[in-house]
Amino acid sequence: MNRLLLLLGAALFALPVTAQKKTAPPSKVLPFGKIEIADLEMAKCDFEPDANAEVLFNKGDVYYDSSFDISGEYHKRIKIFNDNGKDEANIRIEYYGGNRLEYITDVQAETINLVNGKPEITKLDKKLIYTQTIDKVRNAIVFSMPNVKAGSVIEYKYKYHTVSISNFPSWDFQQKIPVRYSELDTSIPDLLYFRTVNHVWMPYSKATHDSEARTMPGTNPLSYNDEKDFRVMENIPSLHDEPYMRSYTDNIMSLQFNLTSVKSSYGFYKSYSDTWAKVGGVIADDEDFGGQLKRKLKDEEPIITKAKTFKTDDEKIAYVFNQVKTLMKWDGVDRWYTNDGTYRAWEKKTGNSAEVNIILYHLLKQSGIKEIYPMIVSTREHGKVNRFNTSLSQFNRAVVYIPVDSTKEYILDATNKYNLYNETPDMLLNSSGLYIDKQANAYDMLYITKAAPARQVVMINADIKADSKMTGTADISSFSYHKISSVERYKTDGEKKYIDYIKANDNNLKISSLKMKDMESDTLPLVQNIAFDLELTGSDGTYIYFNPNLFTPIRTNPFLSEKRATDIDFGHRNRYEINGTYKIPAGYKVDALPKSIRMVMPDQSISLKRFIAEQDGMIVVRYVISYEKAFYEKESYPELREFYKQMQDMLTEQIVLKKA
């Protein structure tokens, strides 16, 4: 693979010029091995007292060297407060080592402890620094710090080098632990125009810019300016995992740099990375992506021959999709490019996500599906694609795109055994994919979304007994993503654990039988037939209390925290329906019945309708909870939290029967 092209930065030229490293203003970064006693004595983070560890400082200094390659010097120091913070001592630095595009050198690491009031330094033996080969493109430097205990300070530094002029490294100001001081110094010649993607919402404590005139020697001397930026952020809170948070990548405060053009004495020459069409053209010609699309597979004919016997495209797609899903095993590695290639992966019946899905593309194409395209995407965990940042590093998976008609499309991913051919995997929603049509020379971005809500319908028919027990049946019909997640949980965990899940660990609820219907169907909903008995606790000889909200996923409130640091992404729209008929026991009458009511979010995005009535000795209940959108910015959290609080109150409100 030509990694220089794929990272959208070739070493376009190498001209003699004196390296211009930026001289940073005085900072809180201490030299390697020099430490303040106060940092060794510190028992907790000043601005986040509950933290297990804290980054004391993290500094990056990135500049262009005399060959116009990018060099960087990094130095990081971490304080370990307790045993739970010791994981921070396991260091992993990933980089693109394939084709020797990037290098990590001069790694130094040490642990500093306070012993008898003085710093004691334990240096890491360089023999314990390992280079791990992830695949033919990516490597990692891994090591564990020595002599780490509660109270230790660990630090490491290293040098980074890349032979590409465009592969300018990104910078994360924020981490999973609090950061006291983060500094990024950059020096970029104005011959190179970078689009900076600024994902920062805290103010910089320091931010300066300087420009120094330079002249590039040679037959045709070229004048340019070295643009020097110094950025500092302090007391940055940790980023914790929060309910319905999309990913750390989407929420961490960071900077990314994307080269879009190169300047010379003859004017601007745009790089091929400034439009998605140019990006698509590059990967379409790449051996490890475009070169795999037509590659014949060993003994592929039986699948292709069988697929061609089906009359409709949907039947062909369903058959081939399920064949690949069954025959191929995903190795857990997400890449948009192949590692071993599709031929070898098909022989082994194991491959990374690109290999599995390019095999799927090839077999579908050979089976007669005419309008079909490979597509590169980003999974939910990897982060949302920024359409204004034309960088391949935003993608981590290849899938298959089939535009069926103007209203319907399929995005196929055979890495998950429980995916359906006619449901876009939920981990790809609310982001963008780049599809490749080399024949038409068309490469375009597509926003991946799901307009229709995923539905779940619960039908309960139960008898309430005078001895404060309920006996009944429940039918749960799960559509779309609710079906996929339920089938995956059932087959992965087994029936016993699955029953505990649908009981929500309620020991008063006993399930005597469970039948799962249409688990293997691509087009029918999953139907679960349940027979159950429920002890109605809190009841006595005079009163019976019960809550009709049974067998639904909305039984607890995920938004209890008063503050929210990240956006809320439910992934897709939802619609829940709860229908119940409850027979009142002889000798009892209704004492308290919740009111029928409708509650709506201020922006109309979520609504709850509740209907409860007594009819001919029966209590009839119907709830409908509808989500009209899937994404909320964190600024909307107070309204969402308040709505959930009120909704939870309504869903837990009990019906009361009294002995006549």
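Residue numbers here run from 1 along each chain, matching the order of that chain's written sequence. In keeping with the model being predicted, local features are shown solely for residues with a pLDDT of at least 70 and side-chain atom pairs are shown and tallied solely at 80 or more, while totals for entire chains, interfaces and linings include all residues. Hydrogens and waters are ignored; side-chain quantities use all the structure's heavy atoms.

What the protein contains, in helices and strands, is 11 helices and 35 strands. In terms of overall dimensions, the protein has C-alpha extents of about 100 × 75 × 45 Å along its principal axes. Considering only intrachain contacts with a sequence separation of at least 6, the fraction spanning at least 24 residues in the protein is 73%. Here the accessible surface of atoms and residues is derived via Shrake-Rupley with a 1.4 Å probe, and residues count as covered only by protein chains that are part of the display. Carbon and sulfur atoms provide 48% of the accessible area of the protein, an area that totals close to 30200 Å². His is not counted, nor are the chain ends, whereas Lys and Arg count as positive and Asp and Glu as negative. To locate a charge, take atom NZ for lysine, CZ for arginine, CG for aspartate or CD for glutamate. For the protein, the centre of its 87 positive side-chain charges and the centre of its 89 negative side-chain charges are spaced 2 Å apart. Helix and strand labels come from DSSP, where a helix needs a run of H or I of at least four residues and a strand needs a run of E of at least two; each type is numbered from the N terminus. Residue contacts are defined here by distance: any two heavy atoms, one from each residue, within 4.5 Å place the two residues in contact.

Turning next to unusual backbone geometry. Even without a glycine there, the phi angle at Ala504 is positive, about 55 degrees. Here Ala504 shows up in the loop between α10 (495–502) and β25 (509–517). Only protein chains enter the accessibility calculation, which uses a 1.4 Å probe. A residue is then buried if its area is under 20% of the maximum for its type, exposed if over 50%, and partly exposed in between. Accessibility expressed as a relative area gives 41% for Ala504, which makes it partly exposed. With a phi close to 60 degrees, Phe551 is a non-glycine residue in the positive phi region. If you trace the backbone, Phe551 turns up in the loop between β27 (543–546) and β28 (568–569).

For the rest of this paragraph, the subject is α10. Every buried residue of α10 is accounted for by Tyr498, Ile499 and Ile502. For α10, the buried positions fall inside an angular range of 100 degrees around the axis, keeping them on one side. Projecting away from the buried face of α10 at angles above 90 degrees are the exposed residues Lys496 and Lys497. Summarising the contacts, the buried residues of α10 are in contact with α9 (480–493), β25 and β26 (526–535). Once α10 finishes, Ala504 follows within two positions and takes phi at roughly 55 degrees, a positive value. Each direction from the helix axis to a C-beta atom contributes to the arc, which is the arc of those directions.

In the sheet, strand β19 (residues 397–403) pairs with strand β20 (residues 409–412) via four bridges, with the strands oriented antiparallel. Paired with Val400 across the two strands is Leu412, which belongs to β20. DSSP-based pairing: two strands are paired if at least 2 bridges between them are found. In this antiparallel pair of consecutive strands, β19 and β20, the connection spans five residues.

Moving on, we come to the sheet that holds strand β23 (residues 454–464). Strands sit in the order β25-β26-β24-β23-β29-β33-β32-β31 across an open sheet of eight strands; the sheet is mixed. The sheet is open, and its two borders are formed by β25 and β31 (597–600), each paired with just one other strand. The sheet shows a mean angle of 10 degrees between the axes of neighbouring strands, taken without regard to direction. Taken together, the 10 bridges between strand β32 (residues 606–615) and strand β33 (residues 618–627) define a ladder with antiparallel strand orientation. For Arg610, the partnering residue across the bridge sits in β33 and is Tyr623. Structural elements are reduced to axes, namely lines fitted to C-alpha atoms, with helices fitted over the stretch in contact, and the angle between N-to-C directions of any two is expressed from 0 to 180 degrees. The strands that α10 touches are β25 and β26; relative to β25, the one it contacts most, it runs at about 115 degrees. Here helix α11 (residues 637–652) sits on the sheet in contact with β31, β32 and β33, set at roughly 15 degrees to β32.

This brings us to the packing of helix α6 (residues 313–327) against helix α8 (residues 353–366). Axis separation between α6 and α8 bottoms out at 10 Å; the angle between their running directions is 145 degrees. Judged by the twist between their axes, the crossing of α6 over α8 is right-handed. Contacts between α6 and α8 pair Lys316, Ile317, Val320, Phe321 and Val324 from the former with Val356, Leu360, Leu363 and Leu364 from the latter. Note on residue classes: Ala, Val, Leu, Ile, Met, Phe, Trp, Tyr, Cys and Pro are nonpolar, Asp, Glu, Lys and Arg are charged, and everything else, Gly too, is polar. Among the residues forming the contact of α6 with α8, the class breakdown is eight nonpolar, no polar and one charged. When the near helix sits turned anticlockwise from the far one by under a right angle, the crossing is termed left-handed; a clockwise turn instead gives a right-handed crossing.

Its place among the elements puts Val107 in strand β4 (residues 102–115). What makes Val107 buried here is its relative accessible area of 10%. Separated by 22 residues in the primary sequence, Val107 and Ile129 have C-alpha atoms spaced 8.2 Å apart. Val107 has contacts with Lys126, Ile129, Ile141, Phe143, Lys157 and Tyr158, leaving out every residue within four places of it along the chain.

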